[in-house]
Amino acid sequence: MSLHALDDTDDAITVTIAFCRGLAVREWPKLALIALLSGGTAATSSLTGSFDIGGPGPTAGPTGGPGMGPMGMGAGGLPSVGFELFVAAIAGLVLLGLVLGALSATFQFVFVDALVTGDVAIRRPFAAHWRDGVRVFAFELAVGLPALAVGVLAVAPLLVGLPAGPFFLLLLPVAGLLALLASVVVGFTRAFVVPIVYHTDVGVLAAWRRLLGVVRANPGEYGAFVVVNFVLALIAGVIVGIGAFVAALVVTIPFGIVFGLPFALAGASGVLPWVWLAIGLLLGGLAFLLGVGLVTAPVQAALRYYALLVLGDTEPDLALVADRRAAARRDD
């Protein structure tokens, strides 16, 4: 008996080609932006950690506190504000990571909306699903934190210069196993739970309960999906890597001539050459990201269509792209 998880690979490519052919020129940059901001496919995931800064330390005395010299100087002559800046920098990075994570999760819904409707839009689906994106990110964060915590605990003795005992060495494979399980859960969340939330307007946990019922009814399908999707992700990674290399060459040569050569001829002296070089680096970076996005977009679309097709074939009520597959088959 043939499995949908095997047969749907051809249909995913067919639907992706039909989807890309139907895009207007002005829609391609938006799709590239969506692909980059969505941050990953069903085959990839990122485990984001956060830091819990404890309460305030000992109250400073008249001379700046224990171990502090006059004017709040440390024993090494460093201002005491250095630690505060370090903590603020860490907190800022954590906050930035949380914002980017929530943004990426929201753009998962934006991407699904484009693939289902064929209309590449950003503002409408973002406004409609940003709360769903925050909930998905919170779920992924909760899934990833145990693996991160066990991993940190395993290497903590080494970080503080202590020998790692057998207990800590045993934690390493546990951390690896937890990371693998978290990767699968996050991958299934992006591949299947996000479309279920998008289609049925339920919460993340309710969507997961719906998905688990489908998986229990079709264990072979989803076991095959994990294997096939892993192989497809490897192929996709090679394609994107080659595309990124070509984009780097295409951008570096002309931008190097236009912006780098005048900078070199000016001898890197004066403000104007540096401003010109900064403009070139900015424009070149944006052009490179656009090129990578243009390569990434159809590759991610194929992987996401594959997951949507498997979901629809195993649960007809969740067939979000059945019409697009039928139309693509007619036009093929």
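The chain has the name Membrane domain of glycerophosphoryl diester phosphodiesterase in an unreviewed UniProt entry, where Halarchaeum salinum is given as its organism.

A. Fine view of the overall build of the chain. For the chain, the helix and strand inventory stands at 9 helices and 0 strands. By the burial criterion, 36% of the 332 residues in the chain qualify as buried. Once local pairs closer than 6 in sequence are excluded, the contacts in the chain between residues at least 24 apart make up 76%. Accessible surface, the chain: about 18200 Å² in total, of which carbon and sulfur atoms supply 74%.

B. Quick look at the packing of helix H7 (residues 219-265) against helix H8 (residues 271-314). Where H7 contacts H8, the axes come no closer than 9 Å and their chain directions differ by 165°. Taken together, the axes of H7 and H8 lie roughly antiparallel to each other. Considering only the axes of H7 and H8, their crossing is right-handed. Here the residues of the contact of H7 with H8 sort into 33 nonpolar, 7 polar and 1 charged.

C. Highlighting helix H6 (residues 204-217). Over its 14 residues, H6 runs 20 Å from end to end, which matches the ideal 20 Å to within 8%, given 1.5 Å per residue. The set of residues buried in H6 consists of Val-204, Ala-207, Trp-208, Leu-211 and Val-214. Angularly, the buried residues of H6 cover 120° about the axis, an arc narrow enough to put them on a single face. Exposed side chains of H6 directed beyond 90 degrees from the buried face belong to Leu-205, Arg-209, Arg-216 and Ala-217.

D. A look at the side chain of Asp-11. Looking at where Asp-11 falls in the secondary structure, it is placed in helix H1 (residues 4-21). Each residue touching Asp-11, except ones within four places of it in the same chain, is listed here: Leu-309, Arg-325 and Arg-329.

E. Looking closely at the packing of aromatic side chains. The tally for this structure, following the rule as stated, stands at 12 aromatic pairs. Ring plane angle 75° and centroid distance 6.0 Å describe the contact between Phe-19 and Tyr-305, whose orientation is recorded as edge-to-face. Of this pair, Phe-19 sits in helix H1 while Tyr-305 is found in helix H8, placing the two residues 286 residues apart along the sequence. Of the two residues, Phe-19 and Tyr-305, neither departs from the other in class, the shared state being buried. Their ring planes at 35° and their centres at 4.6 Å tell us that Phe-259 and Trp-276 sit as a pair that is tilted.

F. The arrangement of the pattern of salt bridges in detail. Per the stated rule, a full pass over the model turns up 7 salt bridges. Put simply, Asp-8 and Arg-325 hold a salt bridge, and the shortest N to O gap is 3.1 Å. Here the residue Asp-8 occupies a position in helix H1, and Arg-325 occupies one in helix H9 (residues 322-331), the gap between them amounting to 317 residues. The class of Asp-8 is buried, set by a relative accessible area of 2%. Judged by its relative accessible area of 12%, Arg-325 is buried. Notably, a salt bridge pairs Arg-135 with Asp-132, separated by 3.1 Å at the nearest N-O pair. Taken together, the positions of Arg-135 and Asp-132, both in helix H4 (residues 123-159) and 3 residues apart, correspond to about one turn of that helix. Take Asp-132: its relative accessible area is 8%, and that puts it in the buried class. Through salt bridges that share partners, Asp-8, Asp-11, Asp-313 and Arg-325 make up one connected network.

G. Just the confidence of the model for the chain, in detail. Confidence in the prediction for the chain averages 84 pLDDT; 83% of positions are at 70 or higher. Contacts for the low-pLDDT stretch residues 41-79, under 50 throughout, to residues beyond four places or in other chains number 46 contacts.

H. Region of interest: the packing of H1 against H7. Two elements in contact, H1 and H7, have axes separated by 8 Å at closest approach and are oriented at 40°. One element, H1, and the other, H7, form an angle in the oblique class. Two secondary-structure elements touch here, H1 through His-4, Ala-5, Leu-6 and Thr-9 and H7 through Glu-221, Ala-224, Phe-225, Val-228 and Leu-232. Tallied by class, the residues present in the contact of H1 with H7 amount to 6 nonpolar, 2 polar and 1 charged.

I. Just the nonpolar core, in detail. Formed by 57 residues in total, the largest nonpolar core has its most connected members in Phe-19, Phe-192, Leu-211, Phe-225 and Tyr-305. Among the elements of the structure, H1, helix H2 (27-38), helix H3 (81-117), H4, helix H5 (166-200), H6, H7 and H8 are those that each provide at least two residues to this core. Beyond its immediate sequence surroundings of up to four residues, Leu-211 is in contact with Phe-188, Phe-192, Val-193, Ile-196 and Leu-311.

Scoring rules and cut-offs
Residues numbered from 1 in each chain as written. Predicted model: local features only at pLDDT ≥ 70, side-chain atom pairs only at ≥ 80, totals over all residues. Heavy atoms only, no water. Helix = DSSP H or I, 4+ residues; strand = E, 2+ residues; numbered from the N terminus. Buried < 20%, exposed > 50% of the residue type's maximum accessible area, 1.4 Å probe, protein only. Contact = heavy atoms within 4.5 Å. Areas by Shrake-Rupley, 256 points an atom, 1.4 Å probe, with all protein chains shown as cover. Axes fitted to C-alpha atoms, helices over the stretch in contact; angles between N-to-C directions. Parallel < 35°, antiparallel > 145°, perpendicular 65-115°, else oblique. Left-handed = near helix turned anticlockwise from the far one by under 90°. Nonpolar A, V, L, I, M, F, W, Y, C, P; charged D, E, K, R; others polar. Expected span 1.5 Å × (residues − 1). Arc of directions from axis to C-beta. Phe/Tyr/Trp six-rings, centres within 6.5 Å; stacked < 30°, edge-to-face > 60°. Salt bridge = Lys/Arg side-chain N within 4 Å of Asp/Glu carboxyl O. pLDDT = per-residue confidence, 0-100. Core = buried A, V, L, I, M, F, W, Y, C linked by side-chain atoms within 4.5 Å.

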